[in-house]
Amino acid sequence: MNLRKKLIIQYVRQFFGFLLVLLLCLIGSLIVLGYRLMNEELETDLSRLVASDLRMQLEWEQDKISVNDRVKKSVDSHNGWLQIIDPKGKLLYAYRTPATIPQAYEPGKWITQTQNDQASAYYVKHWVVEQELSEQKVIVLYGTPAPENALMAQLLAAKPTAGSPVPAELANSFSREKGWYAIYDRQGKLVAEYNAADAAKQLDLIPILQNGKESRNVPVITTSRYDKTSGFTYIVGVANPWYRPGAAAESVDNMIAYSFLQVGAVLIVSVLLAGSWYALRVGKPLLHMVNWLGNLAQGRYAEPIGKNGRRIGTTRKGKRKKSFAVFQDIFDALAKLSHTLQTNEERQKDIEKTREEWISGLSHDLKTPLSSIFGYATMLESEQYEWGKGEVNQFGRTIREKADYMNGLIEDLNLTYRLKNHALPLMKEPVSVVEAIRRMTADLVNEPSASGHEIEFEAQEEKIVALLDPKWFSRIVINILTNAIRHTPKGTLVRVEVSLAAPDSFAVRIADNGPGMDEKTKASLFERYYRGGHTKEDTSGTGLGMAIAKQLVLAHDGNIEVKSEPGKGTEVVMTFPCQTQTASHGSLPTKT
């Protein structure tokens, strides 16, 4: 799987993981918030619960049913009572039920109990609750005292008039319940009041509606009656003993606002935590890569390590952590780049060292013939001696040989740079390869430098014709052969073979059974300025011969390979494209 797909999968997985965590936090916060609101409503007023919340407060044990202690505490605080009956009116559970409340209900009787008529002594709230597993349904009745109804009944019975004294029994009842009353005529004007000195002179319906029985968390609970006969309106109010100024507002809007505030805080915290986690998970690998690149820029090629001595982002077993594993391809590329840069730096240092040695050697090689030329020129210039014609000819020949040697060094240096810049034009023409290489080998056998070496030539084909530049092709073969002779001891066998490598190419193989080369020497063999070989017996030369040979082979669209091991000799194989070839009937060995 490539890096692009890995990153896409990683980021998509993290994105949906983040959404899942966010959703779980949202659901969890809503559950906690709902639980808190339910408990607050339960503590404030049991009648504010809905059936689903009340179901959580019931305790079912086989055929028995009861309520938990929190419900009992709420009933006690409101001086109320509670009953649980089945759909047929059978009492299943009772708590603090007054003697005036039935213990069993006939069909329809319990409905009368919950109608909350104006003469009832209790305000009754009912719920229909269904058990989740058995689907059994029960009816829960919760009653709280409604003294305003009893006071209203007494007030309607007494019907006090303006200016007349309040009956003692009526006054005692209102004083005991800390109640008050106000009476208004048909025009809505106040005609009588008791314990209501601040009663409005004109009837106002809004306070009456706001403080009615449905509003449980108000300081005063009021009830009103209209007498059609007299046209009077009677209003009775009593102090609400369960009024809690600090209780949650009954407004649905306020509850929603409070809920959104809680949920918003949870979401903000969740986003901050998830963002921090994501930044650490993604940022650490990126920071590690940046530090690694910084090290490379400063010439430090090792991967950064942590305080524990391990590579950053790895386990004790050396494996990448999950957050780092997705970038494994990048880490592998950085490791490869580090190795390449380190190798190139070491190689560059070796090249610089080799070049310095080459310049030193080349200076010596130039200085030696220059010294001879300078010496002979001084001798010819001297007037102290009269040189004979033969001596002058000998001096001139020596000076010419030294000048030719120097000219060859300069030409080699110029040639290698021309080849490097592809500025050497090749004059290609059809060349009989076998015959040309046979002549080159025979010429080299007659050189004094080849004495003591056994040189063999063998051609697997009678005729191979290729488009070559004769001058530079000859330079290739002679450079390789000369190198094989120069850097091997006397008695070494040097073998030259020519054969077809493919229908459209031929191969020239030059092999010896000399000491061979190590890997470092073999890797540097075709580099400019490099001097070396199988032995340390001869370090003469420009250090450009093998580099020139390789560049000339490539200029002919060929290829060159070297195989060598210490103690097993060296083999150089060159392949070139050929034009035509005709198979021979046998090999043509030539031994010298």
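Residues numbered from 1 in each chain as written. Predicted model: local features only at pLDDT ≥ 70, side-chain atom pairs only at ≥ 80, totals over all residues. Heavy atoms only, no water.

**Here we look at the pattern of salt bridges**
Logical step 1: The final tally for this structure, using the stated rule, is 15 salt bridges.
Logical step 2: Residues Asp557 and Lys428 are paired through a salt bridge, measuring 3.9 Å at the closest nitrogen-oxygen approach. Of the two residues, Asp557 sits in the loop between α15 (545-555) and β16 (559-564) while Lys428 sits in the loop between α11 (389-420) and β11 (429-432), which places them 129 residues apart along the sequence.
Logical step 3: It is possible to trace a salt-bridge network through shared partners that takes in Glu456, Glu458, Arg495, Glu497, Arg509 and Glu571. (Salt bridge = Lys/Arg side-chain N within 4 Å of Asp/Glu carboxyl O. Helix = DSSP H or I, 4+ residues; strand = E, 2+ residues; numbered from the N terminus.)

**Structural notes on the sheet that holds strand β4 (residues 91-95)**
Logical step 1: Pairing in this open sheet of four strands is antiparallel, and the strands run β4-β3-β6-β5 from one edge to the other. Both edges of this open sheet fall to β4 and β5 (122-130), since each of them pairs with a single strand only. The mean angle between the axes of side-by-side strands here comes to 15°, regardless of whether they run parallel or antiparallel.
Logical step 2: Relative to strand β6 (residues 137-145), β5 runs antiparallel, the two sharing nine bridges. Looking at β6, one finds that Tyr123 is bridged to Thr144.
Logical step 3: Helix α3 (residues 69-77) contacts β3 (81-85), β4 and β6 of the sheet and is inclined by roughly 55° relative to β4. (Pairing = 2+ DSSP bridges. Axes fitted to C-alpha atoms, helices over the stretch in contact; angles between N-to-C directions. Contact = heavy atoms within 4.5 Å.)

**Some thoughts on the sheet that holds strand β7 (residues 179-184)**
Logical step 1: Here we have four strands laid out as an open sheet, ordered β8-β7-β10-β9, and antiparallel in their pairing. At either end of the open sheet lies a strand with only one pairing partner, and these are β8 (190-194) and β9 (220-226). Put simply, the sheet's adjacent strands are angled 15° from each other on average, direction ignored.
Logical step 2: Here β7 pairs with strand β10 (residues 233-239) via six bridges, running antiparallel. Among the inter-strand pairings, Ala182 is bridged to a residue of β10, identified as Ile235.
Logical step 3: Contacts from helix α5 (residues 147-158) reach β7, β9 and β10, with the element oriented near 145° to β10.
Logical step 4: The sheet contacts of helix α6 (residues 168-176) involve β7, β8 and β10, and relative to β7 the element is tilted by about 125°.

**Re unusual backbone geometry**
Logical step 1: A positive phi angle is found at Arg96, which is not glycine, with a value near 60°.
Logical step 2: Positionally, Arg96 belongs in the loop between β4 and α4 (109-114).
Logical step 3: Of note, the phi angle at Lys159 is positive, near 45°, even though the residue is not glycine.
Logical step 4: In this fold, Lys159 is placed in the loop between α5 and α6.

**Some points on the layout of surface pockets**
Logical step 1: Roughly 490 Å³ of volume is contained in the second largest pocket.
Logical step 2: Taken together, 21 residues form the lining of the second largest pocket, with Phe526, Ala547, Lys550, Gln551 and Leu554 sitting closest to its centre.
Logical step 3: Within the residue set of the lining of the second largest pocket, elements represented by two or more residues are α10 (328-381), α11, α14 (519-523) and α15.
Logical step 4: The element that contributes the greatest number of residues to the lining of the second largest pocket is α15, accounting for five residues.
Logical step 5: A per-class count over the lining of the second largest pocket returns 13 nonpolar, two polar and six charged. (1 Å grid on protein atoms, 1.4 Å probe; cavity = no way out; pocket = protein on both sides within 12 Å on 5 of 7 lines; lining within 4 Å. Points joined across faces, edges and corners; volume = space filled by probe spheres on them. Nonpolar A, V, L, I, M, F, W, Y, C, P; charged D, E, K, R; others polar.)

**Remarks on the pairing of β7**
Logical step 1: Buried residues dominate β7, accounting for five of its six residues.
Logical step 2: Between β7 and β8, which pair antiparallel one after the other, the connecting turn spans five residues, and Gly188 there sits at a positive phi close to 80°. (Buried < 20%, exposed > 50% of the residue type's maximum accessible area, 1.4 Å probe, protein only.)

**Digging into the confidence of the model for the protein**
Logical step 1: Averaged over every residue, the pLDDT of the protein is 80; the share at 70 or more is 84%.
Logical step 2: Note on residues 533-540: pLDDT is under 50 here. Beyond four places in sequence and across chains, it has 19 contacts.
Logical step 3: Low pLDDT, under 50, characterises residues 581-592; the stretch is placed with 30 contacts to residues that sit more than four places away or in other chains. (pLDDT = per-residue confidence, 0-100.)

**A look at α3**
Logical step 1: Those residues of α3 that sit buried are Val71, Ser74 and Val75. In a view along the axis of α3, the buried residues occupy a sector of 100°, so they form one face of it. The outward face of α3, more than 90 degrees from its buried face, is lined by the exposed residues Asp69 and Lys73.
Logical step 2: Where α3 begins, one side-chain oxygen reaches toward the backbone nitrogen of Arg70, 3.3 Å away; that side chain belongs to Asn68.
Logical step 3: After α3 finishes, the residue Asn79 shows a positive phi value of roughly 55°. (Arc of directions from axis to C-beta. Polar contact = N/O pair within 3.5 Å; in protein donor to acceptor, adjacent residues only side chain to side chain.)

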